[in-house]
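Reading the structure
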2 protein chains.
Amino acid sequence: MNQQYQQVVQKLEEISHLNGVMSTLGWDQEVVMPSGAGEARAKQMAALAGVIHERMTDLELGEGLHELADRHWQTLDADEQCNVREALRNYELETKVPKQLVMELTELSSRGHAVWVKARQQNKFADFAPVLKRFLALKKEWAQCVAPDLAPYDANIDLFERGATMATITPVFERLKQELIPLIAAIQQHADRVDASCLQGLFALDKQEVLARKISSDIGFDFSQGRMDVSVHPFCGGSHPTDVRITTRYKESNFVESLYSIIHETGHALYEQGRPHHLGDLPVTESLTMGIHESQSLFWERMIAQGKPFCRHYFGLIRQTFPDNFRHTDADAFYRAINHCKPDFIRVEADEVTYPLHVILRYEIEKGLFDGSMAVDDLPEIWNESMRRYLGITPPNDTVGVLQDSHWSAGAFGYFPSYTLGAIYACQFYNAMLIEHPDIACEIANGNFVPVKQWLNDKIHRHGKRYTPDELVRRITGERLNSDHLIRYLKAKYGEIYSLTL
Amino acid sequence: MNQQYQQVVQKLEEISHLNGVMSTLGWDQEVVMPSGAGEARAKQMAALAGVIHERMTDLELGEGLHELADRHWQTLDADEQCNVREALRNYELETKVPKQLVMELTELSSRGHAVWVKARQQNKFADFAPVLKRFLALKKEWAQCVAPDLAPYDANIDLFERGATMATITPVFERLKQELIPLIAAIQQHADRVDASCLQGLFALDKQEVLARKISSDIGFDFSQGRMDVSVHPFCGGSHPTDVRITTRYKESNFVESLYSIIHETGHALYEQGRPHHLGDLPVTESLTMGIHESQSLFWERMIAQGKPFCRHYFGLIRQTFPDNFRHTDADAFYRAINHCKPDFIRVEADEVTYPLHVILRYEIEKGLFDGSMAVDDLPEIWNESMRRYLGITPPNDTVGVLQDSHWSAGAFGYFPSYTLGAIYACQFYNAMLIEHPDIACEIANGNFVPVKQWLNDKIHRHGKRYTPDELVRRITGERLNSDHLIRYLKAKYGEIYSLTL
């Protein structure tokens, strides 16, 4: 048995190493690749993808995994079981889908992206609708192949948020909606109570970068096992826990965006750097789900860096860095400014109060598309109506409405919920940490982030894929996914900032 | 037949794409990889190397190639024949060597490098000698496998300089030795006739970089299909003719070194960017040999950039960039300064007059080691004695003597001759260009490098691997490899600079 497990491990590590290579190519493409190299790079990535697919569908691997799962399961320890379980799932995801369907999905992704870019530019949803319809059909077919027992949309969600289903998500999102819509309306009535004008002006790019590097390093990013660079869209990539690469973009007119984006990516990076890679380059060491990953980025971006202790600690440095901009501002005013809440059209620019409604709107649409209660052609109208009901604003066109996100152009249905599941988890984790470390706010105010990072390392990062998200959140917080924490947090925080009587 | 050729092409292109991926990993490792990622990267590269080896030794590929070579040769056009011929050679290089020997060579390379680094640091040749002896034995065995018809050293040379043998190289090197030893001695007697003190001082790194980028771009480097970065050792890498990456290092105390190193690497890069990649990612489009590659870097570095017209064109800009350093210097003095000749211990720092003797010394040692006329243990003595006879200086220790180069620590015997073959080719090509374009010096003096680059593109780059080096040099110059051109060039140039009566 041991020999069989070792053979499987060898194959899985090879796949992991080749995936690491692919990630390096991806980073290179976004960050340093010469503009003229796109065509050659596409061929190189396709060749490597072919090899990885070949390895992932290796019959010997499949047989070995099945053998281990069916005949030797009890002889495996928990980590080994996790490796076999996850590898088997990956194997089945790769092998259960007919080649014809895989090819059609790949082709549509690449074509779909181009169609979407143009449709968004030209504000022509009708041009994008056929792609969306086709994707919907293919993704239903795909769901039937990989998880015939699940509702098609649940199978899609499961790809990003293992174990989550509409049955678990819907009530949680309903609660959120119920509470956030009136909260946002109340904030809007007193919008003038927060003055964010200190964030306007010009902020030298080189100073922004120095600040970003310092804060990222302070909160724990290990530059000897990672890099920070510039790219068009911020992301966290890299090939291995010892090679984690985050990016941001610097705008002269908006230093808060780039700073909080780098804190966000640092949160992802700390998860990656904290993975238990001493256990080998194997599934058990990998990050859990998109939602849990997002909980780590949002933990740092929102729970920590948008909090008062953090603002108090860093405001001196920020004012020192940009003296002209913050001459007449103090730490509390800065805290209020970065937390001002304003409904707007674009999800990626939304604040923490309005963000969940952007997600819920998309979730409801995806759900409706999959269960047939909504039609693709009606989406612009549905979108705008939901925006009006949830946020009180109506997009002036589809470019900043239903066409704004790239996800559907790649067939990524079921991805959006992760963002808000991440926000809910982040708040649950944060409260659990506060209970265990009541003085942690003082540590943060003193610039000591070690206990926070240690807590996350210990509670989340080092467990890799050992538990399901549900098991993990229950181990840490003693309860299931529960949006009450996020609701209470938002009400308390914004009630104070906007002096609301809630 | 056509179908068979297409199948082979598909396999060869896959190998080329995967090799491109490997090159990107290599660049990444040298230029941007975090220091802590070395172990993970080694595993990723090993996994990819395994895949590439598997593809290169694919039995179907071998059969297809043999079939095309044996049964359909006459139906292939010249480019197709080149692809089949080169691919067959690569296939045989990969398959003719027993796995045991490949593994031992790989293991020794990696261990040998570490042993060499330490031995060089500690000036202990005796610690490195066992590695060298073992490599010698293995490389003789290897030669017997891949080219039983060639003398073992010739088989090693052939790997770097296809078709070159001791029979062709020795007389050419003998001529060079005969002429250069007295030339160098004569220069040394009048060393005081060139004052290079203007090159001493401090040169701001950011200004060096601006200058390097401008000059590289001026002479033709296409930054939309390439990059320029900083690394410990300058090199030209990249994954494809549309993705060519050069590096240099900037020293505050030596701007000439970094500038001429970037011109050197630009020469390599122009060759890569000039490859006929419209013919597919196939052997025919690849660069010819190490020697021809080096001819391209030396063409730009020495023939062009160390020439008077180039110095006259750029001296104004250089003085403008570093006004304090060149206040009392003119273009002619600058030309003389960068061309001062001084025997020294280190090959990589040698000038164009003494460089060939560094190479010849190593060539004679490799030849002696392979034919048994020299023993590894005697190398320090042989080395120092040759240095004394050729350059009139004796290394104070082995660190700057026999231990200085890394090549032998990786078993790369037969590589050194390429450097000087490149210098000879460069001079032959240069003279051919002068004859075809008698006014080209004026173009260079006016900063117009287009005709030079075009000529090289046309005569060399666009032919890829179509011809042997011998065929190529005969097509371009009408004669074979001939060191007389280099000798005449050096005598004329340095006779003038040092006012010698030769």
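Here is a short report on the structure shown in this document. Keep in mind it's a predicted model, so treat the numbers as computed, not measured. (Residues numbered from 1 in each chain as written. Chains lettered and ligands numbered in written order. Predicted model: local features only at pLDDT ≥ 70, side-chain atom pairs only at ≥ 80, totals over all residues. Heavy atoms only, no water.)

Some details on the overall build of chain A
We apply this condition: Think of it this way: any DSSP run of H or I at least four residues long counts as a helix, any run of E at least two long counts as a strand, and we number them from the N terminus. In this description the radius of gyration comes from C-alpha coordinates, and the expected globular size is given by 2.2 Å times residues to the power 0.38. Exposure is judged per residue with a 1.4 Å probe applied to protein chains only, and the accessible area is read against the type maximum: over 50% gives exposed, under 20% gives buried, and values in between give partly exposed. All accessibility values rest on the Shrake-Rupley procedure with a 1.4 Å probe; residue burial counts only the protein chains present in the view.
Per the secondary structure count, chain A includes 20 helices and three strands. For 502 residues, the compact-globule estimate of 2.2 N^0.38 gives 23 Å, and chain A sits close to it at 23 Å. Here chain A, with 502 residues, has 55% of them falling under the buried criterion. Carbon and sulfur atoms form 50% of the exposed surface of chain A, whose accessible area is close to 20800 Å².

Observations concerning the relation of the copies chain B and chain A
Each of the two copies of the chain can be brought onto the other by a rotation about an axis and a shift along it. Counted only if it meets this: Only residues with pLDDT of at least 70 in both copies count here: their C-alpha atoms drive the least-squares fit that superposes the copies. Contacts: residue pairs with any heavy atoms within 4.5 Å of one another.
When chain B is fitted to chain A, the best match, at an RMSD of 0.0 Å, comes from turning it 180° and sliding it 0.0 Å along the axis. In symmetry terms, the pair is related by a two-fold rotation axis. The fraction of interface residues of chain B whose copies in chain A are also interface residues reaches 100%, indicating that both copies meet through the same surface.

Topic: the interface of chain B and chain A
Our working rule: Take the accessible area each of two parts loses on contact, using a 1.4 Å probe, and add the two losses: that sum is the buried area. Any Lys or Arg side-chain nitrogen found within 4 Å of a carboxyl oxygen on Asp or Glu counts as a salt bridge. Each residue gets one of three labels, nonpolar for Ala, Val, Leu, Ile, Met, Phe, Trp, Tyr, Cys and Pro, charged for Asp, Glu, Lys and Arg, and polar for the others, Gly among them.
Taken together, the contacts link 35 residues of chain B with 35 residues of chain A. Overall, the association of chain B and chain A removes approximately 2600 Å² of surface from exposure, summing both partners, and the carbon and sulfur fraction of that is 59%. One can count six salt bridges joining chain B with chain A. Linking R55 of chain B and E54 of chain A is a salt bridge whose minimum nitrogen-to-oxygen distance equals 2.8 Å. Counted by class, the side of chain B that touches chain A contains 13 nonpolar, 12 polar and 10 charged residues.

Focus: the pairing of strand 2 (residues 236–240) of chain B
All names here are of chain B. Note the following rule: DSSP bridges decide pairing: two strands pair if at least two such bridges lie between them.
Both strand 2 and strand 3 (residues 243–248) contribute to a ladder of four bridges, which runs antiparallel. Across the sheet, H240 pairs through a bridge with D243, a residue of strand 3. Counting the residues that bridge the hairpin from strand 2 to strand 3 gives two residues.

With respect to the pattern of salt bridges
Any two side chains of opposite charge can pair, on the condition that their charged atoms come close. Counted by the stated rule, this structure contains 83 salt bridges over all chains. Here D484 of chain B and R175 of chain B are joined by a salt bridge, their closest N and O atoms 2.5 Å apart. Pair noted here: D484 of chain B is in helix 20 (residues 484–497) and R175 of chain B is in helix 8 (residues 166–189), with a separation of 309 residues, a long-range link. Relative accessible area serves as the criterion here: at 25%, D484 of chain B is assigned to the partly exposed category. Taking relative accessible area as the criterion, R175 of chain B reaches 30% and is therefore assigned partly exposed. Beyond isolated ion pairs, a larger network of salt bridges with shared partners links E14, E54 and R55 of chain A together with E14, E54 and R55 of chain B.

Structural notes on the sheet that holds strand 1 (residues 226–230) of chain B
All names here are of chain B. Rules: Helix axes use the C-alpha atoms of the stretch in contact, all axes being lines fitted to C-alpha atoms, and the angles between their N-to-C directions lie in the range 0 to 180 degrees.
Spatial ordering of the open sheet is given by 1-3-2, a layout of three strands whose pairing is mixed. The outermost strands of the open sheet, each flanked by one partner alone, are strand 1 and strand 2. With strand direction ignored, the average angle separating the axes of adjacent strands in the sheet is 20°.

Quick look at helix 14 (residues 355–371) of chain B
All names here are of chain B. Worth spelling out the cut-off: To estimate the expected span of a helix, subtract one from its residue number and multiply by 1.5 Å.
Look at helix 14: 25 Å from first C-alpha to last across 17 residues, which is about the 24 Å you get at 1.5 Å a residue. For helix 14, the tally of buried residues reaches 15 of 17 residues, placing the bulk of the element in the interior. Taken from the residues just after helix 14, G372 is the one with a positive phi, measuring 85°.

So, the sheet that holds strand 3 (residues 243–248) of chain A
With mixed pairing, the three strands of this open sheet are ordered in space as 1-3-2 (chain A). Across the chains shown, the open sheet's two edge strands, defined by having one partner strand only, are strand 1 (226–230) and strand 2 (236–240) of chain A. Adjacent strand axes in the sheet meet at a mean angle of 20°, parallel and antiparallel pairs treated alike. Note: strand 1 of chain A against strand 3 of chain A, five bridges, orientation parallel. Residue pairing for strand 3 of chain A: G226 of chain A is matched across the bridge by V244 of chain A. Lying over the sheet, helix 2 (residues 38–56) of chain B contacts strand 2 and strand 3 of chain A, oriented at roughly 70° with respect to strand 2 of chain A.

Topic: the side chain of T354 of chain A
Residues and elements named next belong to chain A. Mapped onto the secondary structure, T354 falls in the loop between helix 13 (331–338) and helix 14 (355–371). Given the relative accessible area of 0%, T354 is considered buried. Residues in contact with T354, not counting those within four places in the same chain, are I184, C341, K342, P343 and L391.

Some thoughts on the packing of aromatic side chains
Under the convention used in this document: Working definition: a ring pair exists when centres of Phe, Tyr or Trp rings (six-membered ring for Trp) sit within 6.5 Å. Plane angles under 30 degrees give stacked, over 60 give edge-to-face, the rest tilted. We call a charge positioned over a ring when the NZ of a Lys or the CZ of an Arg lies within 6 Å of the ring centre and within 35 degrees of the ring normal.
According to the stated counting rule, one finds 52 aromatic pairs over all chains in the structure shown. With a centroid separation of 4.9 Å and 85° between ring planes, the pair formed by F221 of chain A and F223 of chain A is classed as edge-to-face. Under the relative-accessibility criterion, F223 of chain A is labelled partly exposed at 27%. Site record: aromatic cluster; members linked through ring pairs are F160, Y355, W383, W408, Y415, F416 and Y419 of chain A. Stacked on the ring of Y355 of chain A, the Lys or Arg R302 of chain A has its end atom at 5.3 Å from the ring centre. In this structure, R362 of chain B packs its charged tip against the face of F416 of chain B, placed 5.4 Å from the ring centre.

Quick word on the side chain of R347 of chain A
Take R347 of chain A: it is sitting in the loop between helix 13 and helix 14. For R347 of chain A, the residues in contact, after removing those within four places along its chain, are Y355, H358, R362, Q404, D405, H407, F416 and Y419 of chain A.

A closer look at helix 19 (residues 469–477) of chain A
Residue and element names in this part refer to chain A. To keep things clear, this is the line we draw: An arc is given here, and it is the one of the directions from the helix axis to the C-beta atoms.
Every buried residue of helix 19 is listed here: P469, L472, V473 and I476. Within helix 19, the buried residues cover an arc of 90° as seen down the axis, which keeps them to one side. Of the surrounding elements, those touching the buried residues of helix 19 are helix 11 (290–304), helix 16 (417–436) and helix 18 (450–459).

What to know about the packing of helix 16 of chain A against helix 19 of chain A
Residues and elements named next belong to chain A. Selection rule: To sort the angles, those under 35 degrees are grouped as roughly parallel, those over 145 as roughly antiparallel, those from 65 to 115 as roughly perpendicular, and the leftovers as oblique. By convention the crossing between two helices is left-handed if the near helix lies anticlockwise of the far one by an angle smaller than a right angle, and right-handed if it lies clockwise.
For the pair helix 16 and helix 19, the least separation of the axes is 9 Å and the interaxial angle reads 25°. Between helix 16 and helix 19, the angle is such that the two are roughly parallel. With respect to the hand of their crossing, helix 16 and helix 19 are arranged in left-handed fashion. Where helix 16 approaches helix 19, its residues Y425, Q428, F429 and A432 are matched on the opposing element by P469, L472, V473, I476 and T477.

Considering the environment of F125 of chain A
Residue and element names in this part refer to chain A. For F125, the location among the structural elements is in helix 6 (residues 125–146). Exposure remark for F125: the relative accessible area of 7% places this residue in the buried category. A sequence separation of 254 residues divides F125 from L379, and the C-alpha atoms of the two residues are 8.9 Å apart. Not counting chain neighbours up to four residues away, the residues in contact with F125 comprise L132, V376, D377, L379, P380, D398, V402 and L403.

Concerning the environment of C236 of chain A
Tracing the backbone shows C236 of chain A in strand 2. The residues touching C236 of chain A, leaving out its near neighbours within four places in the chain, are V244, R245, I246, E265, H268, A269 and E272 of chain A.

Some thoughts on the state of the cysteines
By definition, a disulfide links two cysteine residues through a covalent bond between their sulfur atoms. Rule in force here: Disulfides are defined as cysteine sulfur pairs within 2.5 Å.
A full pass over the atoms with the stated rule returns zero disulfides over all chains. Counting only cysteine sulfurs, C427 of chain A is the nearest neighbor of C341 of chain A, a cysteine outside any disulfide, at a range of 16 Å.

Nothing here speaks to function; it is all geometry.
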